[in-house]
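Here are the chains, one letter per residue:
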Amino acid sequence: MKRILIVDDAATMRMYYRSILEGAGYQVDEAVNGIEAMEKSLEEPFDLYIVDVNMPKQDGYSFMSELRSRDIFQAPALMVSTEAAASDRTRAYAAGANLYLVKPVKPDELLTNCRLLLGEVNQ
Amino acid sequence: MALIKQKPTEIIEQCERKQARDCASLELQLSDPSPSARRWAARDLVECPDSSAALIEQLQREEDSSVREIILTTLTQLGDEEAVAGLVSCLRSEDANLRNEAIEAMKLLPDEVAPIMGQLLKDADPDVRIFAVNVLESLRHEQVEEWLNEVIEHDAHVNVCATAVDLLGEVGTSYSWEALEKLKARFPDEPYIRFATDLALKRISAS
Amino acid sequence: MATKPISQEDFLKFREFFYRKTGIQFEDSKRYFVDKRLIERIEATDSGTFRNYFITLRFETTGEELQILTNLMTVNETYFFREEYQFKCLVNSILPEITAQKKDNRPLRIWSMPSSSGEEAYSIAMYLLEYWPGISQWDVEIISSDIDTSILAKARLGKYSDRSIQHLPKSLLNKYFRHNGDDYQICDDLRNAVEFTRVNLMKASDVRSYRDFDVIFCRNLLIYFDDLSRRQAADTFFDALNPGGFLCLGHSESMSRISSLYQVRKFSDSVVYQKSKGAQ
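For clarity, every value in this text was computed on a predicted model and none was experimentally measured.

The rules behind these values
Every residue gets a number counted from 1 within its own chain, in the order that chain's sequence is written. Going through the entries in the order they are written, you letter the chains from A and number the ligands from 1. A pLDDT threshold of at least 70 governs which residues receive local features in this predicted model, and a stricter bar of 80 or more applies before side-chain atom pairs are shown or counted, although totals over entire chains, interfaces and linings include all residues. Each helix is a run of H or I in the DSSP string that is no shorter than four residues. Each strand is a run of E no shorter than two, and both are numbered from the N terminus. We compute the radius of gyration over the C-alpha atoms and compare it with the globule rule, which gives 2.2 Å times the number of residues raised to the power 0.38. Counts of 20 or more other C-beta atoms within 10 Å of a residue's own C-beta define buried residues, counts of 12 or fewer define exposed ones, and intermediate counts define partly exposed ones; C-beta atoms are placed from the backbone. C-beta atoms are first placed from the backbone for all residues, and any pair lying within 7 Å is then listed as a contact. Pairing between strands is defined by DSSP: at least two bridges between them are needed. Axes here refer to lines fitted to C-alpha atoms; in helices the fit is confined to the stretch in contact. Angles between the N-to-C directions go from 0 to 180 degrees. Given a helix with a known number of residues, its expected span is that number minus one, times 1.5 Å. This arc corresponds to the set of directions leading from the helix axis out to the C-beta atoms.

Colleague: I tried to follow the overall build of chain C on my own but got confused; where do I start?
Modeller: If you tally the helices and strands in chain C, you get twelve helices and ten strands. For a compact globule of 280 residues, the expected C-alpha radius of gyration is about 19 Å, and chain C comes in at 20 Å, within 12% of that figure. Counting only C-alpha atoms, chain C reaches 65 × 50 × 35 Å along its principal axes. The buried share of chain C, reckoned over its 280 residues, is 41%. Summarising the internal contacts of chain C: among those between residues at least 6 apart in sequence, 75% fall at separations of at least 24.

Okay, structure coming up:
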């Protein structure tokens, strides 16, 4: 079962993603910021990350950069933010994200993109 | 070799003692080339009530995150009007880390930020409005629920409303029922709004 | 009138809040454990309902009630070799890394706080002597601090009960302790190996001279502090550490709720926090 880590400080958003992803058969874990995400990743790496930008203590860009610099399994990452500006998209990719979505994300949008990043065929 | 005990000595290095620790020179040391010196200056400035302006100025150009963290801790402890105004200006920064740390600092100053929340919640920038709602999380103020209701009734931006709904799930009362129901009608094509609103309604009903 | 049982929604509300503040996540199976303690505190604070209690919890600026509740929710006994995996980490991973990069012959310095009755500091001392080969090449200084002078006196005395020593291997018990009636007295060699000092971690003047440490143990202390004090503590430890130095927190504590100053490091025995080697 593929493991997905949701990195977002908003509890409701984590619940929302969880309900969609668990419904689709994925195993889900959560972190409230980049530091917690790194702690969990070091214990056991994930297959996919969903990363919010604005979080306390360590934001999404900073976490992505750090994840990419570490000697652990480099899972694909979907970055999510309120910003729709092109510069934020570029920043996300520069930090090491694979996809950038603007929130709020609809369920099928989330699932399609997760499957894409996980290399799964679209059903 | 072994476990040893050394005589307790003054480990403070000479070079630090040579600079006087008065407020004016501490403010100057905020731009010392050494991050360690800047951290110590920022730390000691907690004793200097008029130093918020200098701290904010350095915060906005400081590149070392360890120094930024100490500056923010000191600003939080000073908590004067100038510090708060400076933190608000950080909400508009391009730097995600700085924005979010400013929110955290403001959350630790509920009484000091309360007077400006009304105006922040009406800021022209939707992201600033989102951050303002984030700050409300720690605010014990009779108007919080009212403000959150105003947001979900009038704010045009879906993410500002989403942030407000999230908080209403935790602090809301039956006062917010109607506004929450109306919110679903305001954003009929947003599954997240429906999800978050239903959750908030469930949490409120169960209290 | 007895307090109403905690509803499922209230439990979830509380769980989210507690996770946000402390990083501790309660599984559904912990329902009984959590509810019992919540009701205990609702009654102790005369809050009447969960709702009123929750408001107190959320908004108290001192964070006092959250600390009391956290205390109830976590296990906090002190005994020798408590959370032993971190001592293993110290000798297996931390000290080898530090000594490999050390450019001088000065002693290694370890700070343990709060000292409480001394079990942690003496545990570190024993572990180094027994399980760290490097002790034959390097001098190590152990300093252990607490705000409470009477507990420091107890620590210096080194007299312990059955409860404290129960997790020690027999061989170490026999080697380092003398059994006197109901007590176990730690030997003078160990008592002389640790420096116990009085320190108020929150007072800048107290901590200013605490520098050049290679490892700091601060386990199960910060979890009881409010947000700002925790942050100040993390800031203080940062400057107390050498670049490349390590900070060890308690098993249910995480820097994710405290500060972004440190790098998370995972060793086979434990997750610990490191001050960047390049930090100035």
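Colleague: What is the right way to read helix H9 (residues 126-136) of chain B from this model?
Modeller: Side chains of residues three or four places apart in an α-helix project in the same direction, reflecting 3.6 residues per turn. Residue and element names in this part refer to chain B. H9 sits mainly inside the fold: eight of its eleven residues count as buried. Taken together, the buried positions of H9 are occupied by Arg129, Ile130, Phe131, Ala132, Val133, Asn134, Val135 and Leu136. The inward-facing, buried residues of H9 contact helix H7 (96-107), helix H8 (110-120), helix H10 (144-154) and helix H11 (158-171).

Colleague: What's the story with the sheet that holds strand S4 (residues 77-81) of chain A in this structure? I'm lost.
Modeller: Neighbouring strands of a sheet are bound in pairs by backbone hydrogen bonds; such pairs are parallel or else antiparallel. Residues and elements named next belong to chain A. The parallel open sheet is built from five strands, whose spatial order is S2-S1-S3-S4-S5. Edge positions in the sheet fall to strand S2 (27-31) and strand S5 (99-102), since each has one partner strand and no second. Here the strands of the sheet are splayed against their neighbours by 20 degrees on average, with no regard to which way each runs. Relative to S5, S4 runs parallel, the two being bridged by four bridges. Its bridge partner being in S5, Val80 is matched across the sheet by Leu101. Contacts between helix H3 (residues 60-69) and the sheet are confined to strand S1 (3-7), strand S3 (48-52) and S4, with S3 contributing the most and set at about 150 degrees to the helix.

Colleague: I'm lost on unusual backbone geometry in this one. Help?
Modeller: Omega for the peptide link from A:Lys103 to A:Pro104 comes to 5 degrees, which places this bond in the cis form. For the bond from C:Met113 to C:Pro114, the omega torsion is 0 degrees, close enough to zero to count as cis. Mapped onto the elements, C:Pro114 comes out in the loop between strand S1 (108-112) and helix H6 (119-131). At C:Glu83, a position not held by glycine, the phi torsion is positive, near 50 degrees. Inspection of the secondary structure assignment puts C:Glu83 in the loop between helix H4 (64-73) and helix H5 (84-101). If you check the backbone angles, C:Ser116 has positive phi at about 50 degrees while not being a glycine.

Colleague: Looking at this structure, how should I read helix H2 (residues 31-44) of chain C?
Modeller: All names here are of chain C. Here H2 contains 14 residues, and its C-alpha end-to-end distance of 20 Å stays within 8% of the 20 Å for a straight helix at 1.5 Å per residue. Among all positions in H2, only Val34, Leu38 and Ile42 are buried. Along the long axis of H2, the arc covered by the buried residues comes to 70 degrees, so they all point the same way. Exposed side chains of H2 directed beyond 90 degrees from the buried face belong to Tyr32 and Lys36. Of the surrounding elements, those touching the buried residues of H2 are helix H1 (8-22) and helix H3 (50-59). Following H2 by one or two positions, Asp46 has its phi on the positive side, about 55 degrees.

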